[in-house]
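Now for the letters of each chain:
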Amino acid sequence: MKRMMPWSCGGLALAGLAVLAAMPAEAAGKKVCYAFQDLSTGFWGAGHAAIVDTLKKNGVEVVELNGGKDANRQLEQVKDCIAQGADGIILTADDGDSETMLVALAQEADVPIATFNRPPSDLSKGIIVVADNESVARQAVEAMIVQAEAKFKKTGKKLHPLILVGDLADPNAVKRREGFMNALKSHADLFETPVEINTKWNSQVALAGLEAAVTADPNIDFIFTSSDFLFPTIQGVLEPRGKWKKSGDDNHVILGGLDGDDGACKLIREGYVDSTGVQDVYLEAKLALDSIQDAIAKGEARPNGVKLDPGFALSQANYAEKGPTTWGCMVLDAKK
Amino acid sequence: MGGDSRSPAHERLFEAAAIARDSRGSIVNFFRRILLSEYFILYLTIFYFLSMAAIFPDLATPRNISNQLSNVWPLLAVATGQTLVIIILGIDLSQGAIMGFASVAGGFVMATAADPNLLGGSPLWGTVLTEGGGWLAGRSGSVLIGVGLMLVVGGLVGLINGYFIARFRMPAFMVTLVSLMLFSSAGIWLTQSQNIVNLPPEFTQLGSGDLVSFYFGEKVEATIKRRDILSFLTYPMVIALALAVAVEIMLRFSVLGRYIYAIGMNAKTAAISGVPVRRVIMVVFVLSGLCAAVASILYSARLGGGRPTIGAGAALLDIIGATVIGGTSLSGGRGKIVWTLIGVVFFVLLGNTLNYMGLSAFYIDVVKGGIILAAAALDVARNQLLAGQAA
Amino acid sequence: MSGPAILTLAAIAKAFAGIHAVRDVSLAVGRGRILGLVGENGAGKSTLMNIIGGVVRPDGGTMLLDGAPYAPASPGEASRAGIAFIHQELNLFSNLTIAENIFLNDFPQRRFGPFSLIDRAAVARQARALLSEVSLDLPPETPLDRLSPGERQLVEVARALRLDARIIIFDEPTTSLTARETERLFALVARLREAGKSVIYISHILTDVAALADDIAVLRDGALIEAGAKAQFPIARMITLMVGRPIDQLYPPRKSAPQAAVLLEAISLGATGIIRDVSFALHRGEVLGIFGLMGAGRTELARILFGLDSHETGEIRVEGRRLPARSARASIRSGIAFITENRREEGLLMNGTVAENIALAALPRLAITPAELIEQGRIRSAAGALAEALNIKTASLDAPAKSLSGGNQQKVVLAKWLLCRPSVFIMDEPTRGIDVGAKYEIYSIIDRLAGAGGGVLFISSELEELLAVCDRILVMSRGEIVGEFARAGFDRGRVLAAAFREAAA
């Protein structure tokens, strides 16, 4: 009798299953999944809030899926999403190749999918909302170069530039580095060869690399970070060396970044940082949401297209004009 | 020697324990019997599924079930190996690292193209890996050899583990921990933390290709939407089940299986009775490495890349958790692959429902950890009960 | 009996899983008297003692302690009522000191307001007093792991005295004791009686019980067969009542005689610090005993012969051939079997089934490669046949080994080795912890093995059984062979003298 227990229970379960499966599916409102990988920086936090709040306001059911930096987990989450009948997916994965694979998965199942801010390596599939990283970076660096020219005129010495590069598997990081290099190229006579620190988007790695570089060359006076979240790390390295000074001071290191988060906004206001390239996170969120909701309404299963966020550079010079439209400054003011 | 001569000894003792408790009232008695049953995990899984399905009806759709099953197979493959190790009173912490390292090895062989910007920093760039791809890029048989190399890598790491544990009597915990650190770092170093993508489709289909699929519904359209096709028999399913069945047969019916159980129950007695203890320990760890390699094949195929991070992080939680909650005892000498299968199904189901509840990754891991703790406590309780009931 | 009994049991009954462990036992323990309780394993002695000691509650019957109803709900209650239980496996902590062990539950304390500290002076003082009562001459701060089993037992008695026990129960107390320690224990028991305490003494060694006890009670199959003053129970009668059938002797007659052929030969075996220059020959059909005190090196010699440990000098030959590799597997292949002295830890898979245990050593013979599948049917029939031949009493072949009594467990170990068809049997203390009936069976098996042409190396600390069963006896002391006695010249006194003698320089 004891032996039969497992089998009889199994049989019961099977029966129960059949009953449940035969039940008609509920008629539901639209459901959109937002699959992301941790919200480790202010930019992602703001983006996440923008997307989720807007969707909820429009009466769409949002399923939030945090992949936790685990590619397999995110894959399972997206597959779950598709299997559970999502009407649309908004995705940010860890690297361009994962994005391509997940976009292909969604399109194979005829679920409209848009990638948010991080583009897949294959730009032809899916709705791709991305900032024009090269342009934004270049603009930010050009604002820094204005300061560099002034310094060069005063001292006659070439500046020593350094760039904190992001994870090269992230296409955005690649583009930002390109923008930096392009800007420097057009003013090559001002600069020595730039030092490159590959941070892999990790502040510990950035800290170690920056410390080593500044120790090796104490004259580094022009630093660009591929993302604003590394400013505290930069401060941690420069301040003990007496190089964390406001603009105008002789020891001021020309600093620039990218994102436009509240930290950068504050530092620009205070004068420590010279410029930052702003990704308009609210615009990008809107672009992603609009295109998904559009596709759902029109019944498009495999919408494609690249939606570019042109972005702009926020600097100490144009702070009065551009400050109010920078999302980071908006967040900062809301906190007060 | 008794009428019911085929029933396992433990089941009889559990029955005896249950009858002994008869005086305590039948409801408590009933729960005790369920709790102590060998198939407790099966009952728990069914109960959990039915109660969760009542709250989230989407859980019980054939589509979801088919989807969840696809997550079961790779975990089953690797947990099969861990089951063997736990039966001989060891543990293999390096399985996750083996998965990553083997994945990288496979990528180096099979990749059909490689981006110099990403992988140019690899120590193997220019020699094994070039812009045109990996070592055997594009050549026929590259998948076969790539898969073969992944298995060899898994077996070799297992052999290294087994050698140090058997020969030098070092604790399995320590040895496999060192392997974990060594080989996960090796994988990351070889790829400089990048993923090797562009794997040939013959390989990636191993991760999700269908052999038999179902479609529910009327045939109104000329073409059937892909999402409505439910995978039933897939490559990962066949591979993982074949592995599990082969290992279970080995455990139950072969001399090696007997040796494994004997060593787990009492290694001293086994040694004196002529069991080649050292050799068996090495074999078990080699098998564990091989199982991890098979899982690596399935995971790499479905993720489409040679990734050093496969199996990193909380993967061990799933592997060991599924094995322990399936009923394989941490005190050794007791375990079955079929139990691990049910344990894996339970874990996947658990993860699925926790996703439904929208819990963040952190809370999911906390819950899983709690379940493993409960499973270990149940194991201890069962052992104590058994000890108390014997003469 | 002088005066009313201190403990009276009336119609005590207890069943486990439908099996009656104790049925309708009515017994009285005399005040200030020693009651010897004898019975085979499974007769119900442990269960009865567990009932008295508060470990289990009886299903029926009543108990009176000093005239008042006594029904302890826990061992704690029993100990507070004055019942001390000295188990076979001592309940002491080897990482603590003697004094800490004695006072573990209840340290004398000094109070400082709301705090209290252990009164170390009082602990030392009281400990020393107790230790002198039990004649243990050691400082109370001695860590327990430095004590021999005999000394530890005295610590347990000291603990019992501290708790002011009125009845002290000894369960198989002499199994791990040396001869001197046994004497000391007997003296202590006698002193306890002088002090007015009552003692229940359980042992398989009937000669000890006969010497020590005032009254004797015999249990069999859960029932009290007979109880009364010692005079009514000569040893032969005790055995007959215990076993339920007349056995005049404790030992079966030897039916075989040794032959000339040599099965196992040790030639000048040596391992530094362990054994020295050991040489002997085991003949076909011979039962060769090895006697010695603890620490004489007998088990070490056995392990070396079987290949578990290495030796530095000398050689070992089986049937004239030198043994190849030194390993258990090689020895088994050469036809040697090793029944260890510790069946629970080295002889059996306690959680494994009887069938699994019997098949264990013969597995390599059943399949050529380890990956080969075993023929289940063949194993079961072989195991079944052996179980029957050896009269192994078990619920089924699938019962776990730990559910068997000691004697049956030992027979399972024997069955395991028999399946390998060895010619040489090295048996280390094969009858330790086994009841009389099972011992008899094992002696018969040894005789049959010798009669079938095998050779048995019989290591034991019980001189009586060696004198009864062996053809020759070797005496070891400090790693060397210091004496050899042929059957014709068996003399208890001379063998003992040889064992105690220091080895010649």
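Before going further, it helps to examine the overall build of chain C. The secondary structure content of chain C amounts to 18 helices and 22 strands. In terms of overall size, chain C behaves like a compact globule, its C-alpha atoms giving a radius of gyration of 25 Å where 505 residues would be expected to give roughly 23 Å. Taking the principal axes of its C-alpha atoms as reference, chain C extends roughly 75 × 55 × 50 Å. Of all 505 residues assigned to chain C, the portion counted as buried reaches 47%. Taking all contacts inside chain C whose residues are at least 6 apart in sequence as the whole, residues at least 24 apart take part in 69%.

With that settled, the discussion passes to the overall build of chain B. Helices and strands together make up the secondary structure of chain B, namely 16 helices and two strands. Classification of the 391 residues of chain B by burial places 53% in the buried group. The long-range fraction of contacts in chain B, counting pairs at least 24 apart against all pairs at least 6 apart in sequence, stands at 77%.

Residue and element names in this part refer to chain A. Read from one edge to the other, the open sheet built from six strands follows the order β2-β1-β3-β4-β5-β11, with strand pairing classed as parallel. Two strands bound the open sheet, and with one partner strand each, they are β2 (61-66) and β11 (305-309). On average, each strand axis in the sheet is tilted by 20° relative to the strand beside it, whichever way the strands run. Two strands pair when backbone bridges link them, and strand β1 (residues 31-36) and β2 are joined in this way by six bridges, in the parallel orientation. Residue pairing in the sheet places Ala 35 in a bridge with Leu 65 of β2. The sheet strands contacting helix α2 (residues 42-57) are β1, β2, β3 (88-91) and β4 (113-116), and the helix crosses β1 at an angle near 175°.

With that settled, consider the domain arrangement of chain C. All names here are of chain C. Partitioning chain C into structural domains gives domain 1 (7-243), domain 2 (251-335 + 422-505) and domain 3 (348-421). Centre-to-centre separation of domain 1 and domain 2, based on C-alpha positions: 36 Å. Looking at the side of domain 1 that touches domain 2 residue by residue, the classes come out as three nonpolar, four polar and one charged.

Moving on, we get to the nonpolar core. Counting 361 residues, the largest nonpolar core has A:Ile89, B:Ile260, B:Leu298, C:Ile168, C:Tyr201, C:Ile426 and C:Phe458 as the members making the most contacts within it. The dominant element in this core, judged by the number of residues it contributes, is helix α13 (residues 277-303) of chain B, at 20 residues. Those residues in contact with B:Leu298 that lie beyond four places of it in its chain are B:Trp73, B:Pro74, B:Ala77, B:Leu206, B:Gly207, B:Pro236, B:Ile239 and B:Ala240.

Take the arrangement of the chains next. Out of two pairs of chains that touch, the pair holding the most contacts is chains B and C. A gap remains between chain A and chain C, with no contact made and the closest C-alpha atoms lying 16 Å from each other.

Let's shift gears to the confidence of the model for chain B. Chain-level statistics for chain B give a pLDDT mean of 84 and a share of 84% at 70 or above. Counted against residues more than four places away or in other chains, residues 1-7 of chain B, with its pLDDT under 50, gives 10 contacts.

It is worth spelling out the sheet that holds strand β19 (residues 424-428) of chain C at this point. Residue and element names in this part refer to chain C. Overall, mixed pairing links the six strands, which are arranged β18-β19-β20-β15-β21-β22 in an open sheet. Of all strands in the sheet, those with a lone pairing partner are β18 (336-339) and β22 (480-486), marking the two edges. Direction aside, neighbouring strands of the sheet carry axes that sit 20° apart on average. Note that strand β15 (residues 287-291) and strand β20 (residues 455-460) share five bridges and pair parallel. Considered in β20, the bridge of Val 287 is made with Val 456.

Residue and element names in this part refer to chain C. An ideal rise of 1.5 Å per residue puts 22 Å on 16 residues; helix α6 (residues 179-194) measures up with 23 Å between its terminal C-alpha atoms. Every buried residue belonging to α6 is among Leu 185, Val 189 and Leu 192, and all of these are buried. Down the axis, α6 shows its buried residues gathered within 60° of arc, on one side only. Projecting away from the buried face of α6 at angles above 90 degrees are the exposed residues Arg 180, Glu 183, Ala 187 and Glu 194. Backbone geometry just after α6 places Gly 196 at a positive phi near 95°.

At B:Leu89, a position not held by glycine, the phi torsion is positive, near 70°. You can see B:Leu89 is positioned in the loop between α4 (62-87) and α5 (95-110). Assessed through the 18 C-beta atoms surrounding it within 10 Å, B:Leu89 is described here as partly exposed. At C:Ala11, a residue that is not glycine, the phi angle is positive and equals roughly 55°. Residue position: C:Ala11 is located in strand β1 (residues 7-16).

Below, the discussion takes up the pairing of β22(C). Residue and element names in this part refer to chain C. Sheet topology places strand β21 (residues 472-477) next to β22; six bridges connect them, and they run antiparallel. Paired with Val 475 across the two strands is Gly 483, which belongs to β22. With antiparallel pairing between neighbouring strands as the criterion, β21 and β22 make up a hairpin whose turn holds two residues, including Arg 478 at a positive phi of roughly 50°.

Looking now at the packing of helix α10 (residues 235-253) of chain B against helix α11 (residues 255-265) of chain B. All names here are of chain B. It is the contact of α10 with α11, at a shortest axis distance of 5 Å, that shows an interaxial angle of 75°. One way to sum up the angle between α10 and α11 is to call them roughly perpendicular. In this structure, α10 contributes Met 250, Leu 251, Arg 252 and Phe 253 to the contact, and α11 contributes Leu 256, Gly 257 and Ile 260. A class-by-class count of the residues in the contact of α10 with α11 yields five nonpolar, one polar and one charged.

Each packed pair of helices is defined by two parameters, the angle between the axes and the distance between the axes. Residues and elements named next belong to chain C. Running from N to C, helix α4 (residues 120-133) and helix α5 (residues 149-162) point in directions that differ by 115°, and their axes come no closer than 9 Å. Comparing the axis directions of α4 and α5 gives the class roughly perpendicular. Once α4 is placed against α5, the crossing between them reads as right-handed. Contact residues: Leu 130, Leu 131 and Glu 133 in α4; Ala 158, Leu 161 and Arg 162 in α5. Tallied by class, residues from the contact of α4 with α5 come to four nonpolar, no polar and two charged.

All right, on to helix α3 (residues 40-55) of chain B then. Residue pairs three or four apart in sequence face the same way in an α-helix, which turns once every 3.6 residues. End to end, α3(B) covers 23 Å across 16 residues, agreeing with the expected 22 Å (1.5 Å per residue, within 8%). All buried positions along α3(B) are accounted for by B:Phe40, B:Ile41, B:Leu42, B:Thr45, B:Ile46 and B:Phe49.

Before going further, it helps to examine the pairing of β21(C). Within a regular beta strand, the side chains point alternately toward one face of the sheet and then the other, so they alternate between its two faces. Residue and element names in this part refer to chain C. Extensive coverage of β21 is indicated by the burial of six of its six residues. Burial along β21 is two-sided: Arg 472, Leu 474 and Met 476 facing one way and Ile 473, Val 475 and Ser 477 facing the other are all buried. With four bridges joining them, β15 and β21 adopt parallel strand pairing. Counted as the bridge partner of Phe 291 is Val 475 from β21.

The next point concerns the confidence of the model for chain C. Across chain C, pLDDT averages 86, with 95% of residues at or above 70. Across the assembled chains, the prediction reports ipTM 0.81 with pTM 0.76.

On to the environment of A:Ile145. All names here are of chain A. In this fold, Ile 145 is placed in helix α5 (residues 133-155). Ile 145 sits in the buried class, given 25 other C-beta atoms within 10 Å. Between the C-alpha atoms of Ile 145 and Phe 191, which are 46 residues apart in sequence, the distance is 9.9 Å. Not counting the four nearest positions on each side in its chain, Ile 145 is found in contact with Ala 183 and His 187.

Here A:Gly156 shows up in the loop between α5 and β6 (160-165). Taking the C-alpha atoms as reference points, A:Gly156 and A:Thr115, separated by 41 residues in sequence, lie 47 Å from one another.

Along the chain, C:Ala158 turns up in helix α5. For C:Ala158, the contacting residues outside a window of four places in its chain are C:Ile102, C:Leu130, C:Leu131, C:Val134 and C:Leu136.

Reading the values: the criteria
- Residues numbered from 1 in each chain as written.
- Chains lettered and ligands numbered in written order.
- Predicted model: local features only at pLDDT ≥ 70, side-chain atom pairs only at ≥ 80, totals over all residues.
- Helix = DSSP H or I, 4+ residues; strand = E, 2+ residues; numbered from the N terminus.
- Rg over C-alpha atoms; globule rule 2.2 N^0.38 Å.
- Buried ≥ 20, exposed ≤ 12 C-beta atoms within 10 Å, placed from the backbone.
- Contact = placed C-beta atoms within 7 Å.
- Pairing = 2+ DSSP bridges.
- Axes fitted to C-alpha atoms, helices over the stretch in contact; angles between N-to-C directions.
- Domains from an automatic or database assignment.
- Nonpolar A, V, L, I, M, F, W, Y, C, P; charged D, E, K, R; others polar.
- Core = buried A, V, L, I, M, F, W, Y, C linked by C-beta atoms within 7 Å.
- pLDDT = per-residue confidence, 0-100.
- Expected span 1.5 Å × (residues − 1).
- Arc of directions from axis to C-beta.
- Parallel < 35°, antiparallel > 145°, perpendicular 65-115°, else oblique.
- Left-handed = near helix turned anticlockwise from the far one by under 90°.

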